[in-house]
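Examination of the molecular architecture
Single-letter residue listing:
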Amino acid sequence: MMTRTLPAGVYVISDPCYVIDREDYDVLLVETNYFGVDLQDICERGGGIFTDGRTGRQFAVMSTMWGDGYFPSNAGKSFPVDAGCIACVPIEMVQPHVSEDPGVMKIVMDKSFDVNYDEGTIN
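Note that the structure is predicted; figures quoted are calculated from it, not measured. (Residues numbered from 1 in each chain as written. Predicted model: local features only at pLDDT ≥ 70, side-chain atom pairs only at ≥ 80, totals over all residues. Heavy atoms only, no water.)

1. Considering the nonpolar core
Grouped together as the largest cluster of nonpolar side chains are 17 residues, with contacts concentrated most on Val19, Ile20, Phe35, Phe59, Val61 and Val89. Those elements giving two or more residues to this core turn out to be helix H2 (22-31), strand S4 (58-63) and strand S7 (85-90). Discounting chain neighbours no more than four positions away, the residues touching valine 89 are Val10, Tyr11, Val12, Ile20, Phe59 and Val94. Ile13, Met62, Phe71 and Ile107 belong to the second-largest nonpolar core, a separate cluster that totals 13 residues. (Core = buried A, V, L, I, M, F, W, Y, C linked by side-chain atoms within 4.5 Å. Buried < 20%, exposed > 50% of the residue type's maximum accessible area, 1.4 Å probe, protein only. Helix = DSSP H or I, 4+ residues; strand = E, 2+ residues; numbered from the N terminus. Contact = heavy atoms within 4.5 Å.)

2. Some points on the confidence of the model for the protein chain
Regions with low pLDDT should not have their predicted coordinates read in detail. Chain-level pLDDT for the protein chain is 83 on average; 84% of the residues reach the 70-or-more range. Predicted confidence is poor over residues 39-43, with pLDDT under 50, and the contacts of this stretch with residues over four places away or in other chains come to two contacts. (pLDDT = per-residue confidence, 0-100.)

3. Some words on the packing of aromatic side chains
One pass over the full model with this rule turns up five aromatic pairs. Where tyrosine 25 meets phenylalanine 35, the ring centres are 6.0 Å apart and the plane angle is 50°; that geometry is what we call tilted. Of the two residues, tyrosine 25 sits in helix H2 while phenylalanine 35 sits in the loop between H2 and strand S3 (47-51), which places them 10 residues apart along the sequence. Judged by centre distance (5.9 Å) and plane angle (40°), the ring pair of phenylalanine 50 and phenylalanine 59 falls under tilted. We note that phenylalanine 50, like phenylalanine 59, is buried. In textbook terms, an aromatic cluster arises when at least three aromatic residues are bridged by ring pairs, as seen for Tyr25, Phe35, Phe50 and Phe59. (Phe/Tyr/Trp six-rings, centres within 6.5 Å; stacked < 30°, edge-to-face > 60°.)

4. Looking at the sheet that holds S3
One open sheet holds the five strands; their spatial order is S3-S4-S7-S2-S8, and the pairing between them is antiparallel. Where the open sheet ends on each side, the last strands, each with one partner, are S3 and strand S8 (105-109). The mean inter-strand angle of the sheet, taken between neighbouring strand axes irrespective of direction, is 20°. Where strand S2 (residues 9-14) and S7 come together, four bridges link them in antiparallel fashion. (Pairing = 2+ DSSP bridges. Axes fitted to C-alpha atoms, helices over the stretch in contact; angles between N-to-C directions.)

This is the structure in structure tokens:
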């Protein structure tokens, strides 16, 4: 099980390729070594807590257990995934108006919180 802590703030939960500007997303892929995913074995789960080199903001990215598709949450929302991962990204890092998209869930965290990943489940 992987547990990391993110600071209080407003976040969106989504596949990061849908919410982060394409140019910024490409930079983050390089900075994070593709969010820790072994590109030789895409089934190797990657992810963790990362820091955006330009803004200093922390965010979490976790590989999905089964790659792409639709993944239900315990909050009754289903997340479409095309990049094989789901992220918890500060609202300041996402494109304008993205938090209104049906494949995105906006959350407000009043204090720091743990991001847990255990055998394909993100809590």
